[in-house]
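Given next are the chains, with one letter for each unit.
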Amino acid sequence: LDGNIGYVNILSQSSTLTTPFPDRAYKKVMEKFVRDGVAGVVLDLRGNSGGDPRLAAAFAGHFMKEPRLIGDMVAFDPRKGGFSLAADERIAIAPAKPYLDVPVVVLVHRSTRDTGQVIAAALQGQPKVTVLGVLGTEGSLAKVGGEARMPGGHVVHFPVGRVVDPQGGVVITADADLDGGVVPDVVLPANVELLDAQFNQGRDPVLDAALGLLRKQAGGG
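Since we're looking at a predicted model, the values are computed, not measured. (Residues numbered from 1 in each chain as written. Predicted model: local features only at pLDDT ≥ 70, side-chain atom pairs only at ≥ 80, totals over all residues. Heavy atoms only, no water.)

K.L.:
A description of the overall build of the chain should follow, citing residues and the corresponding values.
P.N.:
Secondary structure summary: the chain contains five helices and nine strands in total. Walking the chain from its N terminus toward its C terminus, one meets helices and strands in the order β-α-β-α-β-β-β-α-β-β-β-β-α-α. Expected size for 221 residues packed as a compact globule is a radius of gyration near 17 Å; at 19 Å, the chain falls within 12% of this value. The 221 residues of the chain split such that 42% are buried. Element-wise, carbon and sulfur atoms account for 55% of the exposed surface of the chain, whose accessible area totals about 12,000 Å². Taken together, the 22 basic and 24 acidic charged side chains of the chain have centroids lying 6 Å from each other. (Helix = DSSP H or I, 4+ residues; strand = E, 2+ residues; numbered from the N terminus. Rg over C-alpha atoms; globule rule 2.2 N^0.38 Å. Buried < 20%, exposed > 50% of the residue type's maximum accessible area, 1.4 Å probe, protein only. Areas by Shrake-Rupley, 256 points an atom, 1.4 Å probe, with all protein chains shown as cover. Lys, Arg positive; Asp, Glu negative; His and termini not counted. Charge placed at Lys NZ, Arg CZ, Asp CG, Glu CD.)

K.L.:
Report on the packing of helix 2 (residues 53–61) against helix 3 (residues 116–123), specifying residues and quantitative values.
P.N.:
Between helix 2 and helix 3, the least distance of the axes is 8 Å, while the angle of their chain directions is 35 degrees. Of the two possible hands of crossing, helix 2 and helix 3 adopt the one that is right-handed. Contacts from Ala56, Phe59 and Ala60 of helix 2 reach helix 3 at Val118, Ile119, Ala122 and Leu123. A class-by-class count of the residues in the contact of helix 2 with helix 3 yields seven nonpolar, no polar and no charged. (Axes fitted to C-alpha atoms, helices over the stretch in contact; angles between N-to-C directions. Left-handed = near helix turned anticlockwise from the far one by under 90°. Contact = heavy atoms within 4.5 Å. Nonpolar A, V, L, I, M, F, W, Y, C, P; charged D, E, K, R; others polar.)

K.L.:
Would you mind going over the environment of leucine 178 in detail, with residue names and values included?
P.N.:
Within the secondary structure layout, leucine 178 lies in the loop between strand 8 (155–164) and strand 9 (186–187). It is 8.5 Å that separates the C-alpha atoms of leucine 178 and glutamate 138, two residues lying 40 residues apart in sequence.

Listed below in structure tokens is the structure:
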């Protein structure tokens, strides 16, 4: 984008017909950013529907110098009458090459769901990273596996697993009051000016704010 800023819109962490190997495609984008000497990067996670947590970890790894553990999946085991650790479902981020040592703005919204939130959670708090949005993420990181058959042929699916940090605290998943998810470092107010820019002027005020922040950082302001 203008100002030599790299932009990536990640809509899911899944293979598709057009992108059968998303980790390779993403790495090529990162390599291009390095070759072009970008001044900063925008990772747009708005509308991210989730997918493979291993891909989410791989995407985040290009902006991290040190490993980071998000948490372990614990799932309900009816035989034990409680939650037990799923050792093969640990969510851990490992640094990946190429490493981009530039300012990064991660865009989130309530439409950032499932493992899309893992990318934001992994990068939040890292040097040079700012999470920005009007709303925080959905808080929907969980393992689906429960099923209840209802009258009329309806089936309700519900989560049976959640991710917890090393201290046992639930990570990202919202509670009964819908508190949870990744909260932006910079919250843009959904005021008249923002709504006018989005709906009447056809602009993306959230992206505009991210670009303004990156250009300010690149200029030393």
